[in-house]
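A closer look at the structure
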Amino acid sequence: MAKKTTNSNAKRQPKGESKWALFKAFFTNERTRYITGLVIGALTLYVTLALISFFFTGAADQSKIENVPLGDLVNQRGAVENWTGVRGAYLADLLMNRWFGVSSFFILFFFASLGAKLMNFKGISLIKRFLFCSAMLIWGSLFCAFVFVTGYEDTFVFLGGQHGFYVSEWLVNNIGMPGMILLLAGTFIIIAVLTSKRTIPFLHRMFSFGWLPKRKKKEADPYATADMFTEEEERPYEKEWTFDDVTKPEDDEIEFEVTVPEDEGDYQPVMDNTEDADDSSAENQFTVEVPVGDDEAYDGSDLGEYDPKLDLSSFRNPSVELLKKYDNTDHQVDMEEQTANQRKIKQTLENFGISISSIKATVGPTITLYEVIPEAGVRISKIRNLEDDIALSLSALGIRIIAPMPGKGTIGIEVPNKDPQIVSMQSIIASRRFQECKYELPVALGKTITNEIFMFDLCKMPHLLVAGATGQGKSVGLNALITSLLYKKHPSELKFVLVDPKMVEFSIYSEIEKHYLAKLPDMDKAIITDFTKVINTLNSLCKEMDDRYDLLMKAHTRNVKEYNDKFKSRRLNPEKGHRFMPYIVVIIDEFGDLIMTAGKEIELPIARIAQKARAVGIHMVIATQRPTTNIITGTIKANFPARVAFRVSSMIDSRTILDSPGANQLIGRGDLLFSQGSEMIRVQCAFVDTPEVEQIASYIGGQPGYPNAFLLPEYVVEGDADKMPGAVDLSDRDPLFDEAARLIVIQQQGSTSLIQRKFAIGYNRAGRLMDQLEAAGIVGPFEGSKARQVLIMDEYSLEQLLNGLKN
């Protein structure tokens with residue numbers, strides 16, 4: 001537990017401060033909020049009744065309100081006709097005639113929303129509601145005053161109020177009647193567009209109806225997709241099928257049968273229609289066979305629940321004894337250091353004219369948090385600007401000021417300890433919290449500033465971005481992440497894809513290849529060090545992701561946990577392709593080096609995995625020592641909500657990784673900031689040394705494993721398709737081959753889209769033409785987003801090559 005000490009000044013809070021605390025606590029209480037909302041709702045209802053009554057009783061009450069003092073009317077019972085009495089009559093006249101007219105109801109609408117919000121009604125945004133009501137209040141006042149300017153001169157009510165009357169009169173004098181009409185119409189459309197998403201489509205339909213000429217029908221391209229049909233053409237898959245569409249044979253007995261290939265599912269007859277037809281006997285029958293889904297067709301409950309651990313039933317997770325234990329349990333808090341720091345902080349603040357009422361300390365393993373409560377009237381920014389002065393007075397390596405502390409009425413000053421403790425991985429793994437946690441993918445990083453064990457579920461992150469300068473603990477943090485997963489998950493439940501461009505960080509995990517690692521079928525080693533194999537592996541993971549989504553769709557499940565539960569209960573048929581899905585954790589070290597080498601070829605599959613792979617159990621952890629904007633791009637940041645920042649060299653790098661400063665003020669040696677959304681937690685990363693990792697890997701590798709590493713789907717690079725036997729047959733060339741070749745040589749641009757555009761063909765056909773041109777040696781291989789290189793420089797050489805192909 002954290003040890004807290006309190007200065008004697010903490011007990012003496014000023015009277016004004018205690019009153020403010022009581023006042024704040026009173027209005028943040030749930031009961032107080034609910035009662036306040038209830039009162040606002042009642043008052044709003046009262047004013048609403050007063051306004052409604054005004055339309056019926058305003059004429060009778062107008063002379064009394066204008067000529068008789070309020071006090072005299074209150075003393076005279078029944079003096080006004082308004083349903084809500086004298087006060088309601090005065091309020092209604094104020095809102096309707098002197099202010100905004102009938103649009104005053106928008107004021108009541110806003111206050112009703114405020115009351116509902118205070119009573120914890122969900123789905124109400126006060127800011128949006130306030131802006132909408134304000135805009136409609138002003139617009140409605142001007143509209144009513146402008147439209148109903150005549151015919152109401154002698155009545156008791158001004159529909160637009162005095163505000164609308166005077167403002168509309170001024171606008172008409174300045175911009176005229178047409179300008180006023182355009183102004184009202186334009187502002188109404190703007191309000192409608194900002195208020196509702198349906199406004200723009202409605203305007204499109206309204207302004208395009210009957211004005212645009214209908215498109216002519218075109219001949220359907222045999223390579224076109226269904227989206228290429230015009231609106232007037234009937235889509236073939238939208239035609240309703242009925243029994244009347246079936247042509248009946250001449251004989252009396254009709255037998256109608258629908259069949260599909262055997263691999264589409266099991267079939268059984270479900271309908272026998274024996275109704276009489278108009279021109280046939282009662283013996284006419286229609287028999288239709290319909291497919292039965294995989295789930296309903298297979299029932300393996302009699303076999304018992306499937307156990308994915310059965311193949312390695314003797315496997316045992318590593319023991320805690322493999323981790324080194326450090327003697328930190330009897331570490332005593334240095335009270336002299338703590339008292340001296342408190343005195344120096346208080347003295348430094350007082351030197352700059354800042355008085356504090358109390359200061360208390362919370363001692364962590366490497367950092368002590370001093371929580372300061374300033375006197376009333378002290379600006380927080382003044383304390384925040386004294387960061388360097390406080391660090392100078394404390395002779396500290398670097399301090400961090402949190403002003404204010406989230407959820408507290410204090411200002412936090414984090415000061416490094418002179419004698420920091422080592423947070424061992426052994427203390428984390430052996431803790432009760434880690435041993436009893438029920439997370440799907442538990443990751444234990446270390447201890448917080450209050451000496452609590454910091455853990456999170458990687459499944460809920462669902463991806464992690466790690467950054468830190470060289471030597472600040474980033475590699476140790478990745479080892480801590482892997483170690484915590486190895487201590488909790490069975491090899492059948494978890495697989496790692498490890499990418500190590502430095503070739504030395506993850507090599508110690510090669511011993512667990514047949515237990516926990518995944519790789520491509522053609523790879524010799526599971527630890528990936530070549531950037532070309534990284535690209536293939538990431539694209540293979542995209543294919544694995546798509547395959548898993550297909551299985552989830554067939555199983556009618558939403559995520560991998562539901563799917564595996566259904567598979568273990570034997571409600572999914574393995575003969576239909578269903579299989580148990582282990583979690584896959586992809587860890588990429590030195591991501592910046594890969595981005596500089598491969599660029600978009602690396603970023604695009606990572607973005608695809610980060611956007612979609614959460615539900616199918618694929619999670620990514622990428623680490624870099626250069627958190628610059630050209631490496632951690634907007635696409636990467638948008639899909640990695642959880643970030644871990646070790647010490648970085650500059651505030652710019654801190655803002656890149658965390659969207660805020662702070663990482664540049666860390667002290668290094670495993671000191672990190674964990675950010676998820678708006679929450680930021682300072683953690684001392686658990687230390688796991690290389691010999692400890694080697695012992696864990698050796699312990700796992702010494703046990704019986706699977707015959708091979710977990711094999712990912714095979715991925716064929718587009719540029720290597722010609723190396724496969726029978727991939728391109730030049731004897732069966734496309735009829736447009738010669739013309740496409742001439743086009744490519746004349747334009748000197750090997751682009752599939754060029755062929756598609758010039759010949760008005762589909763993308764698939766254009767792609768096949770490009771493959772044939774590559775096989776014929778006219779264009780070069782696929783080069784990612786770049787156009788292919790044209791290998792034939794003139795038409796004469798091309799004609800010779802084409803003649804050779806014909807012979």
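Residues numbered from 1 in each chain as written. Predicted model: local features only at pLDDT ≥ 70, side-chain atom pairs only at ≥ 80, totals over all residues. Heavy atoms only, no water.

Right, let's talk about the overall build of the protein chain for a bit. For the protein chain, the helix and strand inventory stands at 27 helices and 19 strands. Across the 807 residues that make up the protein chain, the buried fraction comes to 43%. Look at the contacts in the protein chain between residues 6 or more apart in sequence, and 67% of them connect residues 24 or more apart. Element-wise, carbon and sulfur atoms account for 54% of the exposed surface of the protein chain, whose accessible area totals about 45,000 Å². (Helix = DSSP H or I, 4+ residues; strand = E, 2+ residues; numbered from the N terminus. Buried < 20%, exposed > 50% of the residue type's maximum accessible area, 1.4 Å probe, protein only. Contact = heavy atoms within 4.5 Å. Areas by Shrake-Rupley, 256 points an atom, 1.4 Å probe, with all protein chains shown as cover.)

Counting buried residues along strand β10 (residues 453–457), five of its five residues qualify, which places the element largely inside the surrounding structure. Hairpin connection from strand β9 (residues 442–448) to β10: four residues lie between these consecutive antiparallel strands, with N451 at a positive phi of about 65°. (Pairing = 2+ DSSP bridges.)

Moving on, we come to the packing of helix α24 (residues 737–747) against helix α25 (residues 752–759). Pairs of packed helices are described in terms of their axes, by the angle between the two and the distance that separates them. For the pair α24 and α25, the least separation of the axes is 11 Å and the interaxial angle reads 120°. As far as their axial angle goes, α25 and α24 are oblique. The element α24 and its partner α25 pack so that their crossing is right-handed. Residues E739, A740, L743, I744 and Q747 of α24 touch α25, and the partners they reach there are L754, I755, K758 and F759. Among the residues forming the contact of α24 with α25, the class breakdown is six nonpolar, one polar and two charged. (Axes fitted to C-alpha atoms, helices over the stretch in contact; angles between N-to-C directions. Parallel < 35°, antiparallel > 145°, perpendicular 65-115°, else oblique. Left-handed = near helix turned anticlockwise from the far one by under 90°. Nonpolar A, V, L, I, M, F, W, Y, C, P; charged D, E, K, R; others polar.)

Below, the discussion takes up the pattern of salt bridges. Applying the stated criterion to the full structure yields 26 salt bridges. K309 serves as the salt-bridge partner of E493, at 3.9 Å between the closest nitrogen and oxygen. Taken as a pair, E493 in the loop between α15 (474–486) and β12 (494–499) and K309 in the loop between α9 (294–297) and α10 (335–351) lie far apart in primary sequence, 184 residues in all. A relative accessible area of 34% places K309 in the partly exposed class. (Salt bridge = Lys/Arg side-chain N within 4 Å of Asp/Glu carboxyl O.)

Taking strand neighbours across the sheet as the criterion, the nine strands line up as β10-β9-β18-β17-β16-β11-β15-β14-β12 in an open arrangement whose pairing is mixed. Here the strands that pair on one side only, and so sit at the sheet edges, are β10 and β12. With strand direction ignored, the average angle separating the axes of adjacent strands in the sheet is 25°. Where strand β11 (residues 464–467) lies against strand β16 (residues 642–645), four bridges are found, and the strand directions are parallel. Its bridge partner lying in β16, L464 is registered against A642. The sheet contacts of α15 involve β9, β11, β12, β14 (583–588), β15 (618–624) and β18 (679–685), and relative to β9 the element is tilted by about 130°. Along the sheet, helix α19 (residues 591–598) contacts β12, β14 and β15; its crossing angle with β15, the most-contacted strand, is approximately 90°.

What follows concerns the confidence of the model for the protein chain. Confidence along the protein chain averages 80 in pLDDT terms, with 79% of residues attaining 70 or more. Contacts of residues 210–294 to residues separated by more than four positions or lying in other chains number 85 contacts, the stretch itself having pLDDT below 50. (pLDDT = per-residue confidence, 0-100.)

So, about the environment of S357. Among the structural elements, S357 can be located in strand β5 (residues 356–363). In this structure, the C-alpha to C-alpha distance between S357 and A376, residues 19 residues apart in sequence, is 8.9 Å.

Tallying each qualifying case throughout the model produces 17 aromatic pairs. Ring geometry for F456 versus F674: centroids 5.2 Å apart, planes at 25°, classification stacked. One end of the pair, F456, is in strand β10; the other, F674, is in strand β17 (residues 671–676), with 218 residues separating them in the sequence. The burial state of F456 is the same as that of F674; both residues are buried. Where F496 meets Y516, the ring centres are 6.4 Å apart and the plane angle is 50°; that geometry is what we call tilted. Highlighted residues: F496 in strand β12 and Y516 in helix α16 (residues 513–516), separated in sequence by 20 residues. Considered together, F496 and Y516 belong to a single accessibility category, that of buried residues. Taken together, F110, F111 and F130 form an aromatic cluster joined through their ring pairs. (Phe/Tyr/Trp six-rings, centres within 6.5 Å; stacked < 30°, edge-to-face > 60°.)

Position of D500 among the secondary structure elements: in the loop between β12 and α16. The side chain of D500 is buried and forms no salt bridge, while K502, the nearest opposite charge, is found at 6.3 Å. A polar contact is formed between the side chain of D500 and the backbone nitrogen of E505, at a distance of 2.9 Å. For D500, the side chain forms a polar contact with the main-chain nitrogen of F506, separated by 3.0 Å. (Lys, Arg positive; Asp, Glu negative; His and termini not counted. Polar contact = N/O pair within 3.5 Å; in protein donor to acceptor, adjacent residues only side chain to side chain.)

Here we come to the nonpolar core. Core analysis: the biggest nonpolar cluster contains 111 residues, and L464, F496, I587, I588, I602 and F674 have the highest contact counts within it. By residue number, the principal contributor to this core is helix α17 (residues 531–555), which donates nine residues. Discounting residues that sit within four places of it in the chain, F674 has contacts with L445, F454, F456, M461, L464, A642, R643, V644, E679, M680 and I681. Membership of the second largest hydrophobic core comes to 21 residues, among which are L736, A766, L773 and L802. (Core = buried A, V, L, I, M, F, W, Y, C linked by side-chain atoms within 4.5 Å.)

Turning our eyes to something else, we now look at unusual backbone geometry. The omega angle of the peptide bond from M461 to P462 is -5°, so this bond is cis rather than trans. Tracing the backbone through its elements, the reader meets P462 in the loop between β10 and β11. The backbone phi angle of R570 is positive, close to 60°, even though this residue is not glycine. Residue placement: R570 occurs in the loop between α18 (560–568) and β14. Positive phi, normally seen in glycine, also occurs at R669, with a value near 55°. Structurally, R669 can be placed in the loop between α22 (651–658) and β17. Note on R669: relative accessible area 74%, which makes it exposed.

Between helix α5 (residues 105–118) and helix α6 (residues 126–147), whose axes approach to 9 Å, the crossing angle comes to 170°. The orientation of α5 with respect to α6, classified from their angle, is roughly antiparallel. Taking contact as the criterion, the partners of F106, I107, F109, F110, S113, L114 and K117 in α5 are, on α6, L126, R129, F130, F132, C133, M136 and L137. In terms of residue class, the contact of α5 with α6 is made up of eleven nonpolar, one polar and two charged.

A cluster of nonpolar side chains, namely L45, L49, I52, F55, F56 and W83, defines an oily patch on the protein surface of about 630 Å² accessible area. Relative to the helices and strands, F55 is located in helix α2 (residues 30–67). (Patch = residues over 30% accessible without salt bridge, like charges linked within 9 Å, V, L, I, M, F, W, Y side chains within 5 Å.)

For β15, the buried fraction is high: seven of the seven residues fall into the buried class. Along β15, one buried face is formed by I618, M620, I622 and T624 and the opposite face, lined by H619, V621 and A623, is buried too. Two elements, β14 and β15, share five bridges in a ladder whose sense is parallel. Each bridged residue has a counterpart across the sheet, and for V585 the counterpart in β15 is H619.

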